[in-house]
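One letter stands for each residue in the lines below.
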Amino acid sequence: MAFNHLPAGVHDALGPLSVTPVTHSMSMAHDQLPPQAGVHPAPRAILDRLAAGPDRAARITHTEHLPPRPGRHAPWPEKIRPEVTEAIRAAGIPRPWAHQAATAEYALRGESAVVATGTASGKSLAYLAPVLSTLLDGSEAPNGRGTTALYLAPTKALAADQRRAVQELAAPLGKAVRPAVYDGDTPVEEREWVRQYANYVLTNPDMLHCSILPAHPRWASFLRALRFVVIDECHSYRGVFGSHVAQVLRRLRRVCARYGSEPVFLLASATASQPAAAAGRLTGLPVAEITDNASPRGELVFTLWEPPLTELHGERGAPVRRTATAETADLLTGLAVQGVRTVAFTRSRRGAELVALITQERLAAVDRSLPSRVAAYRGGYLPEERRAIERSLHSGELLGLAATSALELGVDVAGLDAVLLAGYPGTRASMWQQAGRAGRAGQGALAVLVARDDPLDTYLVHHPEALFAQPVESTVLDPDNPYVLAPHLCAAAEELPLTEADLSLFGPETPGLLAQLEARKLLRRRGSVWHWTRRERAADLTDIRGEGGRPVQVVEEGTGRLLGTVDAAAAHTTVHEGAVHLHQGRSYLVRRLDLEDSVALVEQADPPYSTTARDTTAISILETSTEVPWGDARLCFGSVEVTSQVVSFLRRKLITGEVLGESKLDLPPRTLRTRAVWWTVTEDQLEQARIHPDALGGALHAAEHASIGLLPLFATCDRWDIGGVSVPLHPDTLLPTVFVYDGHPGGAGFAERAFHTAASWLDATRQAIAACECESGCPSCIQSPKCGNGNDPLDKKAAIRLLTRLLADAPPEVPGTAPAAD
């Protein structure tokens, strides 16, 4: 019997490939204004009021105080046009911070650079000053269009926000700077104007991949004049998405070279480990780094908050904590009543809707005018809905917003006083990014991390040093992943026939993949040149978000009204028949999921429960790339094939999470070829750990669940990006085996990072299980919310003994480093 833990599904647009083993947003005037004394409540006073209720103070496990920091100025480089520096002064910024001046200096010398200085440090101005100065130079050139610049953002909201800021800053420069957004929301009639006349185009990697590069002859004049490419929030380009973006940028560089331009890349990142190395891996170019943050910072009070245990019991009789969703809604209610402007970040779209809905209901009991001042914000909304919410947040009409990470990298709001994090967001970089949304006007700010009932969150709120005494993570991406690279080679060949001179640009896996693509008649070779052979567009072979396939449209059955969309990869788990779907505070039940037409038909309903899908998984080893001994045990890394199927869903009470029942589903299985780390143990080791054969399955299963929960502490992933399987006797190893695998075709670098940090990773896993106060296992240590086997069997004590025995022979460090850490 295999015990499994499946990530969100994926779609392989190209079919199996042979896998070769691989041995801010900105409001510039606000960013640099001094603190506004007396305007905003002190963060400690806000926290004291939140903790004043019954048993509230006991929920605070740690409070970290980050004192205010003074700023350091430097002069702008002499090459910055005086008109630009005057416009900056007119925006309320008399002098730049030292890191802004340093970034501008690199840009004007023609050197690519990344500025990684944290939220609200004025990174936007660091790249905008040289870009605007160069655009102003170009506007005076005799050749008409002059110089152009391209801005890439991971979200539409961020690009729209940046355009507003650029328009305000560049207003004194007149028509010399013509910014325009070019994304999926841009009306068709505006797109031609953008192509012909805009000289600062704000877009996203998706549009670059599927619209601009395939139609590069229509963008010829823009690309010929391209001087700068700005990549904002570049730390968000990680995993499969980051790997796709890396190849899109290589295609952009290749097309630019065709038109005679060689743009400088300017990247902005939240504080990150080795930002120059990550930026270089993303762009394929040498990149200088600026990491010394010279901007001032207001006081930040950062609190870790653990919801209390309830009287309820979950699966296998385990104790259940109050959900982070309900606890966050309570805190948001209290902050709204105080008049404290707050954003509550959630881990999912459903979480954002639930937090907003519960908060609105509770505020209605206090003051009927307050519910309308709280809203949800997430991906999948229609464009006009997003824009309306953004305007209300900017104006201060909204007091509270429950948001997904769509806002983490999106709209800039000066004036927020508090941030709530409903669960650890997966990485320390994202945690600081979200916390930094408050206090952007220079005032003090409060951040509260509300722990979810899972191993990682529980570990972190009781080990604050893992958050506050550790550097942020390296960005994990693998551009050489063949499942990523292959479709981009096809797209590049359609844009311009590939030549042997292009092979080094796309990486060492290119020659082997070209041969496979020839054999599958996707490319045709003539001499030393490869051509695209199909009538359809090569760019449509892949979804660079790694989501795979056409988004599923959520349609109201009675009216035919389109409510929004759901990623194809998530459709099996989120809009299956019987699922509860939330949209703008309203509940809907899914009546039918039509996978062929990519439509989910729903009807409005008000069920007193949420739904959670469950799945089963089988795994087979395709190839072992690396293997190291841990005593008699073996730690391995290689390629695997995972077959999974959503088989049922649970109905849970909204507030308590109590399971009300389970319903079967009949959905087709899906197959995934990916990369995995796995470890085996021998019979002698099991005897030494005093693990009876009857307890073996529970020990392995518990260790698997907990290790998946703790991996995001060591790799820039989310537990939903990875999956696992544990087997008392696996047919390929003929031993008890635990697998943890990447939930994306070809891998995303997470399992490889787990392999190279295995001793530290599994030791933290053992500590987390041992430290949990429960008797026999609970969601805070070994139970998983997406276990396909109903969290049965699980054996907490046997898992601790098993991991202790395994770690006794572990080397301190597995030789080598994962490519993503380069």
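Residues numbered from 1 in each chain as written. Predicted model: local features only at pLDDT ≥ 70, side-chain atom pairs only at ≥ 80, totals over all residues. Heavy atoms only, no water.

## Considerations on the environment of Val166
Working step 1: Position of Val166 relative to the elements: it lies in helix 6 (residues 156-170).
Working step 2: Residue classification places Val166 among the buried residues on the basis of a relative accessible area of 0%.
Working step 3: The sequence separation of Val166 and Val177 amounts to 11 residues, and the corresponding C-alpha distance is 8.8 Å. (Helix = DSSP H or I, 4+ residues; strand = E, 2+ residues; numbered from the N terminus. Buried < 20%, exposed > 50% of the residue type's maximum accessible area, 1.4 Å probe, protein only.)

## What to know about the packing of aromatic side chains
Working step 1: What the rule picks out here adds up to 11 aromatic pairs.
Working step 2: When the centroid spacing of 6.4 Å and the interplanar angle of 55° are considered together, the rings of Tyr151 and Tyr200 count as tilted. Residue Tyr151 is located in strand 4 (residues 148-152), and its partner Tyr200 is located in strand 6 (residues 200-203); the two are separated by 49 residues in the primary sequence.
Working step 3: Relative accessible area serves as the criterion here: at 0%, Tyr200 is assigned to the buried category.
Working step 4: Note on Trp678 and Phe739: the rings are 5.6 Å apart at their centroids and 35° apart in plane angle, and the pair reads as tilted. Taken as a pair, Trp678 in strand 29 (residues 670-680) and Phe739 in strand 31 (residues 737-742) lie far apart in primary sequence, 61 residues in all. The two residues Trp678 and Phe739 agree in class, both being buried.
Working step 5: One Lys or Arg, Arg109, reaches over the ring of Tyr106 and ends 4.9 Å from the middle of that ring.
Working step 6: Positioned over the ring face of Tyr259 is Arg258, at 5.4 Å from the centre of the ring. (Phe/Tyr/Trp six-rings, centres within 6.5 Å; stacked < 30°, edge-to-face > 60°. Lys NZ or Arg CZ within 6 Å of the ring centre and 35° of its normal.)

## Quick word on the pairing of strand 4
Working step 1: With 5 of 5 residues buried, strand 4 lies mostly within the body of the structure.
Working step 2: Every second residue of strand 4 is oriented toward a common face, with Thr148, Leu150 and Leu152 on one face and Ala149 and Tyr151 on the other, all of them buried.
Working step 3: Sheet analysis places strand 4 next to strand 7 (residues 226-231), joined by 5 bridges and oriented parallel. Within strand 7, the residue paired with Ala149 across the bridge is Phe228. (Pairing = 2+ DSSP bridges.)

## Points about helix 19 (residues 482-495)
Working step 1: For helix 19, which comprises 14 residues, the first-to-last C-alpha distance of 20 Å matches the rise-based estimate of 20 Å (1.5 Å per residue) to within 8%.
Working step 2: Among the 14 residues in helix 19, 13 count as buried, and that is most of the element. (Expected span 1.5 Å × (residues − 1).)

## Structural notes on the sheet that holds strand 18 (residues 498-499)
Working step 1: Pairing is antiparallel in the open sheet, where 3 strands are placed in the order 18-20-19. Every other strand in the sheet has two partners, leaving strand 18 and strand 19 (523-526) as the edge strands with one partner each.
Working step 2: Pairing of strand 19 with strand 20 (residues 529-532) involves 4 bridges; the strand directions are antiparallel. Its bridge partner lying in strand 20, Arg526 is registered against Val529.
Working step 3: With respect to the sheet, helix 21 (residues 510-519) is in contact with strand 18, strand 19 and strand 20, its orientation differing from that of strand 19 by roughly 105°. (Contact = heavy atoms within 4.5 Å. Axes fitted to C-alpha atoms, helices over the stretch in contact; angles between N-to-C directions.)

## So, helix 21
Working step 1: Buried within helix 21 we find Thr510, Leu513, Leu514, Gln516 and Leu517. End-on view of helix 21: buried residues confined to an arc of 165°, all on one side of the axis.
Working step 2: Of the surrounding elements, those touching the buried residues of helix 21 are helix 19, strand 18, helix 20 (503-506), strand 19 and strand 20. (Arc of directions from axis to C-beta.)

## A closer look at the packing of helix 8 (residues 205-212) against helix 10 (residues 239-258)
Working step 1: Between helix 8 and helix 10, the shortest axis-to-axis distance is 10 Å and the interhelical angle comes to 50°. Considering their axes alone, helix 8 and helix 10 lie oblique with respect to each other. Crossing geometry of helix 8 relative to helix 10 is assigned as left-handed. When helix 8 is examined against helix 10, the residues Pro205, Leu208 and His209 are found in contact with a partner set consisting of Val245, Val248, Leu249, Arg251 and Leu252.
Working step 2: Partitioning the contact of helix 8 with helix 10 into residue classes produces 6 nonpolar, 1 polar and 1 charged. (Parallel < 35°, antiparallel > 145°, perpendicular 65-115°, else oblique. Left-handed = near helix turned anticlockwise from the far one by under 90°. Nonpolar A, V, L, I, M, F, W, Y, C, P; charged D, E, K, R; others polar.)

## Observations regarding a negative patch on the surface
Working step 1: On the surface, Asp632, Glu683, Asp684 and Glu687 cluster together into a negatively charged patch.
Working step 2: Inspection of the secondary structure puts Glu687 in helix 23 (residues 683-688). (Patch = residues over 30% accessible without salt bridge, like charges linked within 9 Å, V, L, I, M, F, W, Y side chains within 5 Å. Areas by Shrake-Rupley, 256 points an atom, 1.4 Å probe, with all protein chains shown as cover. Salt bridge = Lys/Arg side-chain N within 4 Å of Asp/Glu carboxyl O. Lys, Arg positive; Asp, Glu negative; His and termini not counted. Charge placed at Lys NZ, Arg CZ, Asp CG, Glu CD.)

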